[in-house]
Amino acid sequence: MSETSVVIAGFGGQGVLFAGQLLAYAGMENGRFVTWIPSYGPEMRGGTAHCTVIISDRPIGAPTVTRPDIAIVLNQPSFDKYEPLVKPGGLLVVNSSLVTASSLRDDLELALVPADALAEQFGTRQLLNVAALGAMLAKRPLVALTAVDQALRNHLPASKAHLLAANLTVLEKGYAHCVQLPLAQ
Amino acid sequence: MSKQLLKGNVALAEAAIRAGCEAYFGYPITPQTELLEHMARRMIELNRVFLQAESEVAAINMVYGAAVAGTKVMTSSSSPGISLMQEGFSYIAGSNVPVVVIDVMRGGPGLGNIQPSQSDYNQITKSAGHGDFHPIVLAPATVQEAIDLTVLAFDLAETYRTLVIVAADGAIGQMMEPAELPPMRPKREKRPFWALTGAAGRPKNVITSLYLGADNLEALNNQIQDKLALIQGHEVRYDCYRMEDADSVLVAFGTAARVAQTAVDHLRQEGFPVGLLRPITLWPFPERPLRELAQQVDTLLVVEMNAGQMFHDVKEVVGDQAEVYFTGRTGGAIPTPDEIERVVHGLYNYYLDPDYSPVGVLA
């Protein structure tokens with residue numbers, strides 16, 4: 001897949017913009033073309049927020065997409081909005097801690113991850129974004145888990161430095177929750 | 001210098017600083033506020049001038065004053081703020097002083113909204129204020145180009161003693177992309193010879209846009225027109241994408257050009273020989289390349305995030321050498337590659353079946 005689009009959506013405050021930036025940093029450090037574009041404006045204050053990340057082997061044209069290859073939805077309104085939009089054959093990562101609805105679509109892959117619960121168990125609840133990102137990477141290794149690990153080390157804001165170890169753990173736990181091991185022969 | 005993941009607004013600001021911007025006057029407005037915020041922090045750090053004015057009108061007049069004193073100066077705003085600055089733009093043009101303005105365009109008219117738009121095209125390329133002049137208008141399509149064109153803007157402003165507007169849009173301002181910043185230029189020690197720096201020991205300089213008497217003012221206008229002709233002769237910039245064997249070409253700038261580029265890739269996959277011409281200078285407009293192109297291809301489709309403004313420039317240049325059509329979105333909406341592809345499909349169908357009416361196409 002030469003170009004992959006990812007939408008990350010949730011409530012303002014769930015860290016959707018930062019999760020997208022981590023993915024973009026990791027892609028850039030893997031030598032790929034990346035764009036990150038937020039929803040910006042009044043909806044950011046308390047309402048839903050989303051960002052679109054594109055990772056590609058070629059220069060990227062349109063930075064926004066109508067139908068993403070992957071959607072990570074962290075709350076119910078985001079599920080309602082993006083579940084119908086994911087491209088056929090795409091991946092929908094659902095924060096099952098907050099979203100109870102299930103997808104009726106049979107043309108996409110579903111990854112359920114209790115992101116809030118994992119974040120709370122292994123760090124603090126605010127790290128749910130990283131848990132969901134880990135879950136996505138287990139299903140679609142757009143970038144190596146180690147690249148996101150490195151992006152966290154490099155770009156976690158100084159005010160959150162005390163949460164670095166917890167971030168790394170929760171990233172790993174989200175990944176482990178959804179990783180599929182190859183079947184034994 | 002290695003690549004960093006940079007937000008367009010931050011990249012524009014830091015590029016201006018590294019190009020030698022000594023003073024910034026502005027007033028916050030979305031979607032360019034991060035630009036002003038970056039300036040607020042960095043200019044003070046570097047012991048340069050940052051001032052948040054009480055309005056855009058005040059800001060542009062402070063910019064004018066600093067420019068007259070030979071300071072490398074800039075402001076930034078978004079569409080409604082640019083409207084407020086127009087009187088100042090005209091005084092700056094009438095005074096022949098170098099100024100850089102960054103316009104991160106948003107949806108209009110009126111207060112409109114804060115979403116990306118290109119609907120300032122006519123306003124900034126045609127006059128940008130009363131009187132006969134054009135600013136140089138540079139339209140970046142990537143964060144890297146936002147950096148490169150901002151540096152260029154300072155150089156062009158100095159070279160021609162003119163107003164240069166970097167015309168970005170909300171998407172370029174808000175987007176993050178890997179980009180490389182240039183090294184910091186050394187501080188300028190010497191003021192230009194024409195600047196008002198105190199006339200002790202030399203004949204005094206006069207900078208004004210007030211010329212009573214038609215002879216004087218006509219002489220100024222002739223001088224401005226000569227300068228504009230020089231700029232038209234030397235500073236046209238544009239980019240071509242996948243033009244090989246093209247019989248239809250999309251014409252688009254900024255974010256619309258990125259969307260058009262994706263549409264070109266899809267259309268090429270389907271076997272349609274479509275290319276893209278992207279004006280980088282909106283003024284001076286790439287007339288010669290477009291005219292030459294029109295002799296080689298059948299159809300031009302102009303794609304804009306407005307109701308069809310550059311469309312008229314393309315049509316005027318091309319005349320009846322090729323068919324010129326338009327598609328676009330307004331109000332802060334970004335066209336999708338699908339929408340452009342549908343219009344192109346429609347145009348190809350139209351040639352096969354003259355009764356077919358191309359939907360959404362303005363002939």
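Residues numbered from 1 in each chain as written. Chains lettered and ligands numbered in written order. Predicted model: local features only at pLDDT ≥ 70, side-chain atom pairs only at ≥ 80, totals over all residues. Heavy atoms only, no water.

J.: Can you break down the overall build of chain A residue by residue, with the values?
T.: Counting its secondary structure elements, chain A contains 6 helices and 6 strands. Reading chain A from its N terminus to its C terminus gives the helix and strand order β-α-β-β-β-α-β-β-α-α-α-α. For a compact globule of 185 residues, the expected C-alpha radius of gyration is about 16 Å, and chain A comes in at 15 Å, within 12% of that figure. In terms of principal-axis extent, the alpha carbons of chain A reach across some 50 × 40 × 35 Å. Scored against the burial criterion, the 185 residues of chain A give a buried share of 54%. In chain A, once contacts between residues fewer than 6 apart in sequence are set aside, the share between residues at least 24 apart is 58%. (Helix = DSSP H or I, 4+ residues; strand = E, 2+ residues; numbered from the N terminus. Rg over C-alpha atoms; globule rule 2.2 N^0.38 Å. Buried < 20%, exposed > 50% of the residue type's maximum accessible area, 1.4 Å probe, protein only. Contact = heavy atoms within 4.5 Å.)

J.: Explain the packing of helix α1 (residues 8-18) of chain B against helix α2 (residues 33-45) of chain B to me, and be specific about the residues and the numbers.
T.: Residue and element names in this part refer to chain B. Viewed as axis vectors pointing N to C, α1 and α2 meet at an angle of 40°, and their least axial separation amounts to 7 Å. In terms of their interaxial angle, α1 and α2 are classed as oblique. Once α1 is placed against α2, the crossing between them reads as right-handed. Contacts between α1 and α2 involve Asn9, Val10, Leu12, Ala13, Glu14, Ala16 and Ile17 from the former and Thr33, Glu34, Leu35, His38, Met39, Arg42 and Met43 from the latter. Here the residues of the contact of α1 with α2 sort into 8 nonpolar, 3 polar and 3 charged. (Axes fitted to C-alpha atoms, helices over the stretch in contact; angles between N-to-C directions. Parallel < 35°, antiparallel > 145°, perpendicular 65-115°, else oblique. Left-handed = near helix turned anticlockwise from the far one by under 90°. Nonpolar A, V, L, I, M, F, W, Y, C, P; charged D, E, K, R; others polar.)

J.: Can you tell me about the interface of chain A and chain B, naming the residues and giving the values?
T.: In this complex, chain A contributes 20 residues to the contact, which on the side of chain B involves 25 residues. Contact between chain A and chain B buries roughly 1,700 Å² in total, counting both sides, with carbon and sulfur atoms accounting for 63%. On the chain A side of the interface with chain B, the three residues burying the most area are A:Met28, A:Trp36 and A:Tyr40, jointly 35% of the side's total. Linking chain A with chain B are 1 salt bridge. Here A:Arg58 and B:Asp265 are joined by a salt bridge, their closest N and O atoms 3.3 Å apart. Counting across the chain A and chain B interface gives 7 residue pairs in polar contact (both at pLDDT 80 or more). Of all the elements in the fold, those that place two or more residues in the side of chain A that touches chain B are α1 (16-29) and β2 (33-38) of chain A. Sorting elements by how many residues they give to the side of chain A that touches chain B places β2(A) first, with 5 residues. Here the side of chain A that touches chain B is composed, by residue class, of 13 nonpolar, 6 polar and 1 charged. (Buried area = accessible area lost by both parts, 1.4 Å probe. Salt bridge = Lys/Arg side-chain N within 4 Å of Asp/Glu carboxyl O. Polar contact = N/O pair within 3.5 Å; in protein donor to acceptor, adjacent residues only side chain to side chain.)

J.: Could you give an account of the nonpolar core, with specific residues and numbers?
T.: Generally speaking, soluble globular proteins have nonpolar side chains that are buried together. Grouped together as the largest cluster of nonpolar side chains are 124 residues, with contacts concentrated most on B:Met39, B:Met74, B:Phe89, B:Leu300 and B:Val314. In terms of domain composition, this core takes at least three residues from each of domain 1 (4-234) and domain 2 (239-352) of chain B. The residues touching B:Val314, leaving out its near neighbours within four places in the chain, are B:Val251, B:Phe285, B:Leu290, B:Leu300, B:Val302 and B:Val324. Of all hydrophobic cores here, the second largest spans 52 residues; its members include A:Ala24, A:Met28, A:Ile70 and A:Ala131. (Core = buried A, V, L, I, M, F, W, Y, C linked by side-chain atoms within 4.5 Å. Domains from an automatic or database assignment.)

J.: Please set out unusual backbone geometry residue by residue, giving values where relevant.
T.: All names here are of chain B. Residue Pro31 is bonded to the preceding Thr30 through a cis peptide linkage, with omega at 10°. As for its position among the elements, Pro31 is in the loop between β2 (23-26) and α2. The peptide bond linking Trp283 to Pro284 adopts the cis configuration, its omega dihedral lying at 0°. Following the sequence through the fold, Pro284 ends up in the loop between β12 (281-283) and α11 (287-296).

J.: Describe the sheet that holds strand β10 (residues 248-251) of chain B, with residues and values.
T.: Residue and element names in this part refer to chain B. Strand order in the open sheet formed by 5 strands is β9-β11-β10-β13-β14, and the pairing between neighbours is mixed. Either end of the sheet is taken by a strand with one partner, and the two such strands are β9 (238-241) and β14 (323-328). Across this sheet, the average inter-strand angle for adjacent strands is 20°, counted without regard to direction. Of the strand pairs in this sheet, β9 and strand β11 (residues 274-279) are connected by 4 bridges, and their pairing is antiparallel. Along β11, the bridge assignment pairs Tyr241 with Leu276. Strands in contact with helix α12 (residues 310-318) are β10, β11, β13 (299-304) and β14; relative to β13, the strand with the most contacts, it is inclined by about 160°. (Pairing = 2+ DSSP bridges.)

J.: Can you tell me about the packing of aromatic side chains, naming the residues and giving the values?
T.: Per the counting criterion, the structure on display carries 5 aromatic pairs over all chains. Ring centres 5.6 Å apart and planes at 5° place the aromatic pair B:Tyr24 and B:Phe50 in the stacked group. Here B:Phe50 lies in strand β3 (residues 49-52) and B:Tyr24 lies in strand β2, a separation of 26 residues in the sequence. By the burial criterion, B:Tyr24 is buried, and B:Phe50 matches it. In this arrangement the basic side chain of A:Lys173 is found over the ring face of A:Phe122, its NZ or CZ atom lying 4.6 Å from the centre. (Phe/Tyr/Trp six-rings, centres within 6.5 Å; stacked < 30°, edge-to-face > 60°. Lys NZ or Arg CZ within 6 Å of the ring centre and 35° of its normal.)

J.: Would you mind going over the packing of α1(B) against helix α7 (residues 143-160) of chain B in detail, with residue names and values included?
T.: Residue and element names in this part refer to chain B. Where α1 contacts α7, the axes come no closer than 8 Å and their chain directions differ by 30°. In terms of orientation, α1 lies roughly parallel with respect to α7. Between α1 and α7 lies a crossing whose hand is right-handed. The segment α1 lies against α7, with Gly8, Ala11, Leu12, Ala15 and Ala16 engaging Val143, Ala146, Ile147, Thr150, Val151 and Phe154. Residues that form the contact of α1 with α7 fall into these classes: 9 nonpolar, 2 polar and no charged.

J.: Lay out the pairing of β14(B) in plain terms, naming residues and giving numbers.
T.: Successive residues of a regular strand alternate their side chains across the two faces of the sheet. Residue and element names in this part refer to chain B. Judged from the 6 bridges that link them, β13 and β14 form a sheet pairing that is parallel. In the sheet register, Glu304 faces β14, and the bridge partner there is Gly328. Since β13 and β14 lie parallel, the crossover through α12 that links them has a hand, and here it is right-handed. (Right-handed = clockwise from strand over helix to strand, strands pointing away.)

J.: Could you give an account of helix α5 (residues 86-95) of chain B, naming the residues involved and the relevant values?
T.: All names here are of chain B. The buried fraction of α5 amounts to 8 of the 10 residues, a majority that puts the element mostly inside the structure. Buried residues of α5: Gln86, Gly88, Phe89, Ser90, Ile92, Ala93, Gly94 and Ser95, and no others. Those residues of α5 that are buried are in contact with α3 (56-68), α4 (79-84), β5 (99-105), α6 (121-127), β7 (163-169) and α9 (214-234). Phi turns positive, to about 55°, at Asn96, one or two residues after α5.

J.: Provide a residue-level description of the domain arrangement of chain B, including the pertinent values.
T.: Residues and elements named next belong to chain B. For chain B, the assigned domains are domain 1 (4-234) and domain 2 (239-352). For domain 1 versus domain 2, the distance between C-alpha centres works out to 29 Å. Across the contact, 32 residues belong to domain 1 and 24 residues belong to domain 2. In this assembly, domain 1 packs against domain 2 so that about 2,200 Å² is buried in total across both faces, 55% of it on carbon and sulfur atoms.

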